[in-house]
Amino acid sequence: SYIRHLPPEATTKLINSVHFEPTSEFTRLAEVDAIIICVPTPLVDNRDPDLSYVESTARSIAPHLQKDQLVVLESTTYPGSCETVLKPILESGGLKSGTDFYLAYSPEREDPGNPDHATAGIPKVVGGDGIAARELACAMYDEIVVQTVPVSSMDVAEAVKLTENIFRSVNIALVNELKTVYAKMGVDIWEVIEAAKTKPFGYMPFYPGPGLGGHCIPIDPFYLTWRAKQVGEETRLIELAGEINTAMPGKVVDKLEEALRAETGKSLKDARILLAGLAYKKNVNDTRESPALVLIELLEERGAAVEYHDPYVPEIPPTREHAALAGRQSVGWTAEVIEACNAVLICTDHDDVDYGLLAGHARLIVDTRNAMTRVAGNQKRIVKV
């Protein structure tokens, strides 16, 4: 398994199963009862939705679509896209949705690296192009997950997925803004959150960080802002949250340079910086949209020499937006490596990293994840961001 949180035993079991047969031959779609589309839905450069993967997959499916088959899209998209984009392509082969085949939308729900929420235990929202399509999709997913949640249409199901991730984006932006404001007042946002979450009602903890990462939260809100403009509406709160979260890597670099000057009298130019953690969240090897990649580029633009350590990401994979970083390798986590750097920037707080080594050997620690509260050390060297 190349996905860290999915153990090799799981893939071995599948490969040895007579019920699992990977193929790239679309002609074999004639053999199945249900087709589930799970492809990327990124943004183009101007932050408009990029449905090219959905469209190309649908064009590959259409010639092989059979009567009475069920087609379900799981990729995140905006309300109306199944109806106006996917459905016409699938119908181009002559079969009609709701009569000859059945179309539904059921957004993926996953929390990578969280052992408490496996796919089978997460309720699944299902919307169909008609009642029959919804019932068929629910019947399929009822065999897989603990509960299906039928909704009235594909549009509603599409909106559910966006709402879930916009909720997170807006609240993360809020705590990121509060972090900046409270820091100017000498108040620790992490202590505030820990105290606030003792309230058993009316509050849900969200945590600040160096920026948003992953394939959902940095992208999904812009699918709705684009669609909202098409119907003549503004999404000012959502767009402001996006601006706040997008600005966080720059604020982290500013704070790092400020701390470096205060502690050593040195600017970032020609400074050696060790970045701890490259994945977008702890305990996974997923680097999609990771703020760490942005941080490396910003630091190097200011003249710093940057290395990174991440036990989950031994080498930076190719990406569309950070192609120049591909191939760089993780350095060792040793006292010698740490002591050779002017500062260590904690970007991702993996559980199996020895932060005590930092406390004993780092000249300066800039902590964006509150990771250093786990260890005792020279607190004067730690700057929370």
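Now for a description of the structure that goes with this document. Predicted model, so just to flag it, every value in this text is computed and none were measured.

This part takes up the nonpolar core. Grouped together as the largest cluster of nonpolar side chains are 32 residues, with contacts concentrated most on Ile 273, Leu 275, Leu 299 and Leu 345. When contributions to this core are tallied by element, the ones reaching two or more residues are helix H8 (236-264), strand E6 (272-276), helix H9 (291-301), strand E7 (305-309) and strand E8 (343-346). Residues contacting Leu 345, with those up to four places away along its chain left out, are Val 252, Leu 256, Ile 273, Leu 274, Leu 275, Ala 276, Leu 295, Leu 299, Val 366 and Thr 368. Counting residues in each nonpolar core, the second largest holds 30 residues, with Ile 89, Leu 103, Ala 157 and Phe 222 among its members.

Here the focus is the pattern of salt bridges. Scanning the model with the defined rule gives 21 salt bridges in all. Between Arg 236 and Glu 234 there is a salt bridge whose closest N-O contact spans 4.0 Å. Glu 234 shares its class with Arg 236; the two are exposed. Of the charged contacts in the structure, one is a salt bridge between Asp 351 and Arg 374, with a shortest N-O distance of 3.7 Å. Highlighted residues: Asp 351 in the loop between E8 and helix H11 (355-361) and Arg 374 in the loop between strand E9 (365-367) and strand E10 (382-384), separated in sequence by 23 residues. Taken together, the shared-partner salt bridges connect Asp 254, Glu 257, Arg 261 and Arg 302 into one network.

It is worth spelling out the packing of aromatic side chains at this point. Counting across every chain of the model gives 4 aromatic pairs. Judged by centre distance (5.5 Å) and plane angle (70°), the rings of Phe 167 and Phe 206 are edge-to-face. Of this pair, Phe 167 sits in helix H5 (residues 154-184) while Phe 206 sits in the loop between helix H6 (189-196) and helix H7 (220-230), and the two are 39 residues apart along the sequence. In this structure Phe 167 comes out as partly exposed when scored by relative accessible area, which is 42%. Taken together, Tyr 78, Tyr 223 and Trp 226 form an aromatic cluster joined through their ring pairs. A cation sits over an aromatic face here: Lys 124 above Tyr 141, 4.5 Å from the ring centre.

Rules of the game
- Residues numbered from 1 in each chain as written.
- Predicted model: local features only at pLDDT ≥ 70, side-chain atom pairs only at ≥ 80, totals over all residues.
- Heavy atoms only, no water.
- Core = buried A, V, L, I, M, F, W, Y, C linked by side-chain atoms within 4.5 Å.
- Buried < 20%, exposed > 50% of the residue type's maximum accessible area, 1.4 Å probe, protein only.
- Helix = DSSP H or I, 4+ residues; strand = E, 2+ residues; numbered from the N terminus.
- Contact = heavy atoms within 4.5 Å.
- Salt bridge = Lys/Arg side-chain N within 4 Å of Asp/Glu carboxyl O.
- Phe/Tyr/Trp six-rings, centres within 6.5 Å; stacked < 30°, edge-to-face > 60°.
- Lys NZ or Arg CZ within 6 Å of the ring centre and 35° of its normal.

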